[in-house]
Amino acid sequence: MLTMDIARLHTRTKIEVPVIVEQGKTVDPVILLTAGIHGNEVNGIEIIRELIAGGYNKPEKGTVICIPVVNVFGFLNQSREFPDGRDLNRMFPGSASGSLASRFAFHIMKEIVPQVDFIIDFHTGGASRYNYPQLRVDFHDGESLRLAQVFHTKFILNSETRDKSFRESLAKAGKKVLLFEGGKSLHLDDKITQAGIQGAIRTMHYLGINDYSDQISRYPVPEEPVMIKNAAWIRANHSGMYRRLVENGSKVKKGQKLGSISDPYGDFEKLVKAPRDGYVLASNHAPIVTQGDALIYLGNEE
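Below is a summary of the structure that appears in this document. Bear in mind that the values here come from a model prediction, so they are computed numbers and not experimental data. (Residues numbered from 1 in each chain as written. Predicted model: local features only at pLDDT ≥ 70, side-chain atom pairs only at ≥ 80, totals over all residues. Heavy atoms only, no water.)

1. Some remarks on the overall build of the chain
Logical step 1: Tallying secondary structure elements over the chain gives 7 helices and 17 strands in all.
Logical step 2: Computed over its C-alpha atoms, the radius of gyration of the chain comes to 20 Å, within 12% of the 19 Å expected for a compact globule of 302 residues.
Logical step 3: Expressed along its principal axes, the backbone C-alpha trace of the chain runs to roughly 65 × 50 × 35 Å.
Logical step 4: Expressed as a percentage of the 302 residues in the chain, the buried residues total 51%.
Logical step 5: Sequence separation of at least 24 residues holds for 67% of the intrachain contacts in the chain that already meet a minimum separation of 6. (Helix = DSSP H or I, 4+ residues; strand = E, 2+ residues; numbered from the N terminus. Rg over C-alpha atoms; globule rule 2.2 N^0.38 Å. Buried < 20%, exposed > 50% of the residue type's maximum accessible area, 1.4 Å probe, protein only. Contact = heavy atoms within 4.5 Å.)

Take a look at the structure:
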C-alpha cells in the first residue's frame, strides 16, 4: 500500500490518502477504482472496501489500483467539500500552486492518472437525492460505451463531461472512464453495493485481469440495459411537504402522478405529474422541499 501525503490539517496532522496497488504477472492493463471524491458519498467507498476485502483486487494479469477514499478531508468531516469549501470534482486538472482542492487534483493527475488505462469512479446522489444504480458515459466513445455495457447496470446514460470534473480531465488524457452513480450521501445500501461490486468484477473479467467466471455465474444480469439518451430533473413548482408516489427505476407515463406537495396546515395539496414518458433514474427523498428543488430525474430512450 502506498500513501499520497499532500497536505496537513491546521493542527499539523498529516492527511495521508491510502493507494492500494496489486499487480499480477504483467503490468498491463491498469485499472483504477476510485470513490469518495465527495467525502460524504460513502456507498462508493463501501463498494471498493468490499472488493478489497474479498480479494477481487488481486489480479492474475495487469494492475489494480484502489483509492477507496479520495477526499479524506470530507470523509473525516462527513461533508461533500474540501476544507477550503471547494468541490474537488470541479477542480481538475488542478494546479500546483492553487487552492488546497486544486493542489490535490493536480497531484492525482500527475502521479496516479498517467499510470492507468481504465477508471471506474464510484459516486452517489448528493443531499437527499437517491440515484438508482446507473452508469454515465459518452455514447460517442465506443470503447467506453462497450465497457459500460459489460459493467451492466439497468440504466446507461449518455452524459457529457462537466467542466473541470475528474471525468473530463481523464477523457482529455485519453483514459477510458466509467462513472457509477447509486444511492445517496451518508447512506449504505446493500443493493447499491452489490451492483457496484458485480459491475467492477464483470469489467475486470472482460479486461482479462482475472477469471471471475464463478462469481459472474452467481450474479447473472437479468436484462439488457436501458440506454438513456436524455434526462432532466422535474422540479417543484411549490414549497412544502413532499411525498413520493413512484419508485426509483420504474417506468412512468406522461400525466402519471409522481408525488404531491402540500402546506403543513391542510390548505392545499398540489400533484406532481410526469411531463412525458420516461424512467425514474433518481428521486428526492427529502420530506420538505422548496420551490425549484429537484424532485425526479426522468430519463428517456429518445
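Now, onward.
2. A few points about the packing of helix H4 (residues 142–151) against helix H6 (residues 190–206)
Logical step 1: Interhelical geometry of H4 versus H6 gives an angle of 125° and a closest axis separation of 8 Å. Comparing their axes, H6 and H4 come out oblique. Along this stretch, H4 crosses H6, giving a crossing that reads as right-handed. Residues Arg 146, Leu 147, Val 150 and Phe 151 of H4 form the contact with H6, whose own contacting residues are Ala 195, Gly 196, Gly 199, Ala 200, Arg 202, Thr 203 and Tyr 206. (Axes fitted to C-alpha atoms, helices over the stretch in contact; angles between N-to-C directions. Parallel < 35°, antiparallel > 145°, perpendicular 65-115°, else oblique. Left-handed = near helix turned anticlockwise from the far one by under 90°.)

3. Points about the sheet that holds strand E14 (residues 269–273)
Logical step 1: An order of E14-E13-E11-E16 is seen for the 4 strands of this open sheet, with the pairing classed as antiparallel. In this open sheet, the two strands that pair with only one neighbour each are E14 and strand E16 (288–289).
Logical step 2: Of the strand pairs in this sheet, strand E11 (residues 240–244) and strand E13 (residues 257–262) are connected by 4 bridges, and their pairing is antiparallel. Its bridge partner lying in E13, Arg 244 is registered against Gly 259. (Pairing = 2+ DSSP bridges.)

4. Things to note about the nonpolar core
Logical step 1: Formed by 62 residues in total, the largest nonpolar core has its most connected members in Ile 31, Leu 33, Leu 88, Ile 108, Phe 122 and Phe 166.
Logical step 2: Counting residues per element, this core draws most heavily on helix H3 (residues 100–112), which supplies 6 residues.
Logical step 3: The contact partners of Phe 166, leaving out residues within four places of it in the chain, are Thr 34, Ile 37, Asn 89, Phe 92, Ile 108, Met 109, Val 113, Ile 119 and Asp 121.
Logical step 4: By size, the runner-up hydrophobic cluster in this structure holds 14 residues, among which are Ala 236, Val 252, Ala 274 and Val 289. (Core = buried A, V, L, I, M, F, W, Y, C linked by side-chain atoms within 4.5 Å.)

5. Some remarks on the pairing of strand E8 (residues 176–184)
Logical step 1: In terms of burial, E8 is a largely internal element, 7 of the 9 residues being buried.
Logical step 2: Both strand E5 (residues 118–125) and E8 contribute to a ladder of 7 bridges, which runs parallel. Of the residues in E8, the one forming a bridge with Gly 125 is Lys 184.
Logical step 3: The sheet contact formed by strand E6 (residues 129–137) and E8 spans 4 bridges and is antiparallel. Counterpart to Asn 131 in the pairing with E8 is Gly 183.

6. Describing unusual backbone geometry
Logical step 1: With an omega of -5°, the peptide bond running from Asp 28 to Pro 29 counts as cis.
Logical step 2: Within the secondary structure layout, Pro 29 lies in the loop between strand E2 (14–23) and strand E3 (30–35).
Logical step 3: You will see that Gln 78, though not glycine, has its phi angle at about 55°, which is positive.
Logical step 4: Along the chain, Gln 78 falls in the loop between helix H2 (72–77) and H3.
Logical step 5: Phi at Ala 127 is positive, roughly 55°, even though this residue is not glycine.
Logical step 6: Along the chain, Ala 127 falls in the loop between E5 and E6.

7. A few points about helix H1 (residues 42–53)
Logical step 1: Under the 1.5 Å per step criterion, the end-to-end length of H1 is 16 Å for 12 residues, consistent within 8% with the ideal 16 Å.
Logical step 2: Those residues of H1 lying buried are Val 42, Asn 43, Gly 44, Ile 45, Glu 46, Ile 47, Ile 48 and Leu 51.
Logical step 3: For H1, the secondary structure elements touched by its buried residues are E3, strand E4 (63–67), H2, E5, E8 and H6.
Logical step 4: Looking one or two residues beyond H1, the residue adopting positive phi is Gly 55, at roughly 75°. (Expected span 1.5 Å × (residues − 1).)

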